[in-house]
Amino acid sequence: MVKLVGKNKILSAVFISGRGSNLKSIYNYSIKKNSKICVELVISSKSDVLGVKFARKYNIKTKIINYKNKVKAEARIIKLLKKNNIQLICLAGFMKVLSKNFVKSFKNKIINIHPSLLPKYKGLNTHERAIKNRDRFSGCTVHYVNQNLDSGKIILKQKVKLYKSDTPEQLAKRILKVENKLYPRAINKVISNF
Ligand code: GAR
């Protein structure tokens, strides 16, 4: 499979830790005719995951980062990002928290998708908490990454109806479908400011 790299595309890195459905949606968006981004690099904190398999299948440069030592891991990532002239970082199910220094080095260039309507339910177990609180809606948010967890400026968010019978798994599945559409739209919005 040949990778399509158009001229003048914004070189992007996608950070993952698992399944990679958002990576897939970003990649599919990136190879559209009018897209302004190219997925140049995938960084994964885990080796044997579906997201890595997907990236390799489509010949995207993929690096697995050993996170035993966070300082060393981030130093290696920064080196890779610089070497590949990365201009935009998309966190897509990346389950590591970036250090303040890392975030500072790429100010306003890192975005993340989170499975809740931020500022509600930062952190983990978002679906369990939305169900427990009997919320009428949950959803997902794409936001800039700053030094505080899930707290940067919101780019786009979308509501998803919550049913009384919902289990966390059912809700997660419905929200993920919406995430996969929202992320490319958010990228489009972000890069219009580049
Ligand atoms: C997505 O639901 C994403 O919002 C979530 O992990 C999942 C990754 O799915 N991210 C977080 O919880 C980050 N705090 P994917 O690997 O299929 O894209």
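Residues numbered from 1 in each chain as written. Predicted model: local features only at pLDDT ≥ 70, side-chain atom pairs only at ≥ 80, totals over all residues. Heavy atoms only, no water.

A. Summary view of the overall build of the chain. Assigned secondary structure in the chain consists of six helices and seven strands. When the helices and strands of the chain are placed in sequence order, the string is β-α-β-α-β-α-β-α-β-α-β-β-α. Here the C-alpha atoms of the chain give a radius of gyration of 16 Å, agreeing with the 16 Å that 2.2 N^0.38 yields for 194 residues. With respect to the three principal axes, the spread of C-alpha positions in the chain is 50 × 40 × 35 Å. Classification of the 194 residues of the chain by burial places 50% in the buried group. Contacts in the chain between residues at least 24 apart in sequence constitute 64% of all its contacts with a sequence separation of at least 6. Of the roughly 11,100 Å² that the chain leaves accessible, carbon and sulfur atoms contribute 52%. (Helix = DSSP H or I, 4+ residues; strand = E, 2+ residues; numbered from the N terminus. Rg over C-alpha atoms; globule rule 2.2 N^0.38 Å. Buried < 20%, exposed > 50% of the residue type's maximum accessible area, 1.4 Å probe, protein only. Contact = heavy atoms within 4.5 Å. Areas by Shrake-Rupley, 256 points an atom, 1.4 Å probe, with all protein chains shown as cover.)

B. Local environment of the nonpolar core. Residues Ile111, Tyr183 and Ile187 are the most contacted members of the largest nonpolar core, which totals 39 residues. Ranked by the residues each element gives to this core, the list is headed by helix 6 (residues 168-191), at nine residues. Phe15, Leu81, Leu91 and Phe106 belong to the second largest nonpolar core, which has 23 residues in total. (Core = buried A, V, L, I, M, F, W, Y, C linked by side-chain atoms within 4.5 Å.)

C. Representation of the packing of helix 1 (residues 21-30) against helix 2 (residues 50-57) within the structure. At a minimum axis separation of 9 Å, helix 1 and helix 2 run at an interaxial angle of 25 degrees. Here helix 1 lies roughly parallel to helix 2, going by the angle between them. Taking contact as the criterion, the partners of Leu23, Lys24 and Tyr27 in helix 1 are, on helix 2, Gly51, Phe54 and Ala55. Grouping the constituent residues of the contact of helix 1 with helix 2 by class yields four nonpolar, one polar and one charged. (Axes fitted to C-alpha atoms, helices over the stretch in contact; angles between N-to-C directions. Parallel < 35°, antiparallel > 145°, perpendicular 65-115°, else oblique. Nonpolar A, V, L, I, M, F, W, Y, C, P; charged D, E, K, R; others polar.)

D. Structural detail: the side chain of serine 44. Of note, serine 44 is situated in strand 2 (residues 37-44). Those residues in contact with serine 44 that sit more than four places away from it in its chain are Ile16, Ser17, Val49, Val52, Lys63, Ile64 and Ile65.

E. Here's a closer look at a positive patch on the surface. A surface patch of positive charge is lined by Arg134, Arg136, Lys159, Lys161 and Lys164. Among the structural elements, arginine 134 can be located in the loop between helix 5 (126-132) and strand 6 (137-144). Residue arginine 134 is classed as exposed on the basis of its relative accessible area of 75%. (Patch = residues over 30% accessible without salt bridge, like charges linked within 9 Å, V, L, I, M, F, W, Y side chains within 5 Å. Salt bridge = Lys/Arg side-chain N within 4 Å of Asp/Glu carboxyl O. Lys, Arg positive; Asp, Glu negative; His and termini not counted. Charge placed at Lys NZ, Arg CZ, Asp CG, Glu CD.)

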